[in-house]
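Structural characterization, general
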Amino acid sequence: MASPAAASGGIPTESLTGVGVMSSVNSADDPTPPPNTTNPNPEAPETAAEGLGGHDQKTVRAVVNDNGTLVAGQSFGAVSVTRVEQPVGTYQVCFNVPITNGTYVASIGIPGNVGASAPGEITVVGRFATTKCLFIQTFNSSGVLADRSFHVTVVYSKKR
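All residue numbers here refer to positions counted from 1 along the written sequence of the relevant chain. Side-chain atom pairs in this predicted model are given and counted only at pLDDT of 80 or more, local residue features only at pLDDT of at least 70, and totals for whole chains, interfaces and linings cover all residues. Where side-chain values are given, they derive from all heavy atoms of the structure, hydrogens and water being excluded.

Turning to the sheet that holds strand E1 (residues 57–64), a few remarks are in order. Read across the sheet, 3 strands follow the order E1-E7-E4 without closing on themselves; strand pairing throughout is antiparallel. Looking at strand neighbours, the two that pair on one side only are E1 and strand E4 (103–108), the edges of this open sheet. Taken over all neighbouring pairs, the strand axes of this sheet differ in orientation by 15° on average, direction set aside. In this analysis, strands are considered paired if DSSP registers two or more bridges between them. Here a strand is any run of E in DSSP of at least two residues, a helix any run of H or I of at least four, and the numbering for each starts at the N terminus. In this analysis an axis means a line fitted to C-alpha atoms, helices contributing only their contacting stretch, and an angle means the value between N-to-C directions, from 0 to 180 degrees.

In structure tokens, the structure reads:
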């Protein structure tokens, strides 16, 4: 005969002697939600992030086609994209502000919100000898340089 916990979809407690577990999981007779471990004070009001040390965080972004053209309607603060001649899959993206004190996040993805991107990988680093540009390389899933559309976001602070 099954235990009451097993009958209600939970874990039979007799098989867990000495183990500290709840006897039911999402049981209809126990509507209590699990404790909130990510926000110990869920009643606290939400506040805007101030950044480290109260710095004023700013964001610029660029969406770039695989041919190296900037998608203006989805970009903010990006002023140019240059497809570096050799090798393929190599781009320079420049912004209208210094971004050297920023955090760069890039991902493979096509512009807009319809369709799917070819799979691949991407690397991003600040561009040598400039404070406003990034050096980006895109690869196919085998790790070979390949032209891929991508999105890049920079969060930066003028204070540091």
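The strand order E2-E3-E6-E5 describes an open sheet built from 4 strands, whose pairing is antiparallel. The open sheet is flanked by strand E2 (78–83) and strand E5 (121–126), the only strands paired with a single partner. Taking the axes of each pair of neighbouring strands and ignoring which way they run, one obtains an average angle of 20° across the sheet. Sheet topology places E5 next to strand E6 (residues 133–139); 6 bridges connect them, and they run antiparallel. Each bridged residue has a counterpart across the sheet, and for Ile122 the counterpart in E6 is Thr138.

The next subject is the pattern of salt bridges. By convention in these notes, a salt bridge is any Lys or Arg side-chain nitrogen within 4 Å of a carboxyl oxygen on Asp or Glu. On inspection of all chains with the given rule, the structure shows 2 salt bridges. Lys58 is paired through a salt bridge with Asp56; the nearest N and O atoms lie 2.9 Å apart. Residues Arg83 and Asp147 are paired through a salt bridge, measuring 2.4 Å at the closest nitrogen-oxygen approach. Of the two residues, Arg83 is situated in strand E2 and Asp147 in the loop between E6 and strand E7 (150–157); the sequence distance between them amounts to 64 residues. In this structure Arg83 comes out as partly exposed when scored by relative accessible area, which is 34%. Whether a residue is buried, partly exposed or exposed follows from its accessible area with a 1.4 Å probe, protein chains only, as a fraction of its type maximum: under 20%, in between, or over 50%, in that order.

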